[in-house]
Amino acid sequence: MSHPSEATETSPRPAGQLPAGFRKRFLPIGIAGAMVLAGVGVHAAFAAPSADALISEVYGGGGNSGATYTNDFVELANAGGAAVDLSGYSVQYLPGTPSATSKWQATPLTGTLAGGGHFLVLEAAGAGGTTVPPADVTGGINMSGTNGTVALVSGADPLTCLTAADCAADPRVKDLVGYGTALVHEGSGAAAGASNTASVARGAGLADTDDNAADFTAGEPTPQAAGQGGGPTDPPTTPPTTPPTTPPVTGVEAKIHDIQGDTRNSPLAGKAVTGVTGIVTGVRDYGSSRGFWMQDPTPDADPRTSEGIFVYTSSSPTVAVGDSVTVAGTVSQYYPGGADTGVQAVTEITKPTVTKVSSGNALPAPVVLDDRDVPDAFVPSAGGGSIEDLPLRPADYALDLYASLEGMNVQIKDTRVVGATDPYSELWVTVKPDQDPTKRGGTLYTGYDQPNSGRLMVQSLLPTATSPFPVANVGDTLRGTTSGPLDYNQFAGTYAVQARELGTVKSGGITPEVTARASADQATVATYNVENLAPGNPQSKFDALAQGLVHSLRSPDIVALEEIQDNNGATDDGTVAADQTLTKLTDAIVAAGGPRYEWRSIDPVNDKDGGQPGGNIRSVFLFNPERVGFTDIPGGDSTTAVGITGTGSTTALTASPGRIAPNDQAWNSSRKPLVGQFTFRGKKLFVIANHFDSKGGDQGIDSRFQPPVRSSEVQRVRQAILEHDFVQQLESADKKADVVVLGDLNDYQFSPAVQSLTGNGSVLTDLVNTLPAQERYSYVYEGNSQVLDHILVSPDLAKHVDYDVVHINSEFANQTSDHDPQVVRLRP
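Residues numbered from 1 in each chain as written. Predicted model: local features only at pLDDT ≥ 70, side-chain atom pairs only at ≥ 80, totals over all residues. Heavy atoms only, no water.

Caption draft 1: Quick peek at the pairing of strand E23 (residues 477-489). Here strand E20 (residues 409-419) pairs with E23 via seven bridges, running antiparallel. Residue pairing in the sheet places Gln411 in a bridge with Ser483 of E23. Here three bridges tie E23 to strand E25 (residues 504-506), and the two strands are oriented antiparallel to one another. Within the sheet, the bridge partner assigned to Leu478 lies in E25 and is Val505. Alignment of E23 against strand E24 (residues 494-499), held across four bridges, turns out to be antiparallel. By the bridge assignment, Asp487 is partnered in E24 with Ala496. (Pairing = 2+ DSSP bridges. Helix = DSSP H or I, 4+ residues; strand = E, 2+ residues; numbered from the N terminus.)

Caption draft 2: Highlighting the pairing of strand E11 (residues 199-202). With burial as the criterion, each face of E11 is covered, one bearing Ser199 and Ala201 and the other bearing Val200 and Arg202. Note that strand E1 (residues 53-59) and E11 share two bridges and pair antiparallel. When the bridges of E11 are listed, Val58 appears paired with Val200. Looking at chain direction, E11 and strand E12 (residues 216-219) are connected through four bridges and run antiparallel. Bridge pairing in E12 places Ala201 opposite Thr217. (Buried < 20%, exposed > 50% of the residue type's maximum accessible area, 1.4 Å probe, protein only.)

Caption draft 3: Looking closely at the state of the cysteines. Considering all chains together, one arrives at one disulfide under this definition. Two residues share a disulfide in this structure: Cys161 and Cys167, whose sulfurs sit 2.1 Å from each other. With the S-S bond torsion at 95°, the cross-link from Cys161 to Cys167 turns out right-handed. (Disulfide = S-S within 2.5 Å.)

Caption draft 4: The packing of helix H5 (residues 539-552) against helix H6 (residues 579-591), seen in detail. Interaxial distance between H5 and H6 falls to 8 Å at its minimum, and their mutual angle equals 55°. When the axes of H5 and H6 are compared, the pair comes out oblique. Relative to H6, H5 is oriented so that their crossing is right-handed. Facing Gln539, Phe542, Asp543, Leu545, Ala546, Leu549 and Val550 of H5, the residues of H6 in contact are Thr581, Lys584, Leu585, Ala588 and Ile589. The residue inventory of the contact of H5 with H6, partitioned by class, reads eight nonpolar, two polar and two charged. (Axes fitted to C-alpha atoms, helices over the stretch in contact; angles between N-to-C directions. Parallel < 35°, antiparallel > 145°, perpendicular 65-115°, else oblique. Left-handed = near helix turned anticlockwise from the far one by under 90°. Contact = heavy atoms within 4.5 Å. Nonpolar A, V, L, I, M, F, W, Y, C, P; charged D, E, K, R; others polar.)

Caption draft 5: Up close: the pattern of salt bridges. Counted under the stated rule, the structure contains 32 salt bridges. Measuring nitrogen to oxygen at the nearest pair gives 3.4 Å for the salt bridge that ties Arg304 to Asp262. Residue Arg304 is found in the loop between strand E15 (291-295) and strand E16 (308-312), and its partner Asp262 is found in the loop between helix H3 (256-260) and strand E14 (272-284); the two are separated by 42 residues along the sequence. Accessibility expressed as a relative area gives 27% for Arg304, which makes it partly exposed. Beyond isolated ion pairs, a larger network of salt bridges with shared partners links Asp175, Arg202, Asp208 and Asp215. (Salt bridge = Lys/Arg side-chain N within 4 Å of Asp/Glu carboxyl O.)

The structure is reproduced here in structure tokens:
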């Protein structure tokens, strides 16, 4: 997948993420996100213990669900008796799992820290909480509630270190605290226990042993500013059921375009604003992201400044579309899913006081998004850095255009569907129909530099009871007008039209494909990712998979299956066998009119192969014993590496089935390749089934860091090199060896991983490159039709094959799996 979490290998929405309209302030970036630091080494940082100013408390849960306090904060304390001038210092923050492009954020300090005293640095506000902590200095850093690193630094220039060792070597670091699972910390480990309701704090004696795990404990936040004591004595015991009464806000009187500014960052972030006027253009009254969009009907002349904004009410809005309102509140840069993930921020007004002036007003005319007005180029490059503070160039870049329209009323008309309706009532369209079209109406992803700027997501603000969301397949047309506010959606990967008016679906006529028949002298080999198949799945899923295998693929002789779960699925009780899963599938195949397949697999070590926790997904061979033979060679198990013996016609595996280098770190928390030795009409056929490491942790193509970091790629490249070397050894032993490598490689045909596997074509031929360009895809993600699944063969064998990607899932709203299967007909 493009960006799946390791937790659910092929779900288009990472585990723990929620549909749009729901917000979760911070989500961990995933294990793969730390891979970019591989080889650097993570060591504990040791700054000299401070005799005076140090960090005494860290809290990143401000404004989150369940929080009493509205803001994140960092508390400083003075362990000495003499006052410390803080004007030459800053408090800085780094995400807990930094990538190569992560940046420290800094809040410059002013004032004096009295001997034995405290000093509070107030950071960004969330949407919840009822008590504003006391503050000596106010910044705007949006800290994670569960893991991150905070430093007290001499000077205001952001640090550049990204590892604990490098930070320890930087003389500007006066004190450093890592909390949660932060990679950068002092001593044996990070301070444990931080949450929405708990800070980490030093004891009363302010002991500083340069070991965060030992020096800090978790507890109720107790912010102390200069000359003040701890937190409130009577925190609320029951969350309010209606929005709390907000005291009159004093702040900057501003227009919406003043708040939005001409970059992605608001110039008024963290500040109180008053007198913000506009017409309500959309209301979202579901999930945990309730609020409304408003737009100023009298725009300025700057095309870079949006006239629309989202007002986050947290509870049911009391306004309606067409209301003229005046709003006061606090400007927030909200990072859906957390700043650690690399997503862009949405500029919002939080903690609002809303005054309705009138009702029934005409809405501002929508901005029409079409092929003419949306640029072909997608996003500017910042050399891997953030584009947030770059002036928007809406005439040059599509992502800049969408940012300049954030929150505004927009319209699309008669757009082609390029991503089918999903279970979350979302679909994708393109406003640029001639941009890389596939043969069946999708949009083809052809390279990292071609993300396809015309793609937009469509969601609905209409009540589902009276206006059900349309069910559409790729190639259909969303006919008529669709209009509403333009929102940024972290799950979508770019911007989404929140439809207040929704078009209707006109069918494009695509139907599930059926592959051609093989001749009797052709062996047929297929791959199919069956998406976390477990015995507890509905029988209908097994039946649909069986229909696809028997009818659409015409009962291949050999099938490599990916994502077969163990006998009790996601229940994590040590079960690793999968015979019940496979019995249920093979019985369904017989019931569908197919052959009685046999299977070969190797049970993984419990919880060591990644995927859904407890599921123990693995690759499996099915084979039809009436057509092919399987050569069973003992010795293969979950931890023993398969080898090659013999030369020429005597070349064989040392174990069949076997696993390639299962103990190499390349396969940590990832599936190990399954190797089998088959025979067809007396000739050997070596088959390797794969499911490479997922893309979890990669920055999205719409990331604020451009170009985005593909951190998970490091592990897949290592996997590819190991398998390349194995195949090369096999082909060296037997120049005529017939080898088929297939499966879900979780990467594109042009990726470094796949290029490393093929040896640039010298060791393996990637058959997807033999198809017409418009047919090169097996998966649709974020409206991009792309290749994740592959069949590769030894170069000589490539001269005698017929290859087909059989589109039965990825383009359809009704999917059995999110992957399309593939089949090759070959003559060994």
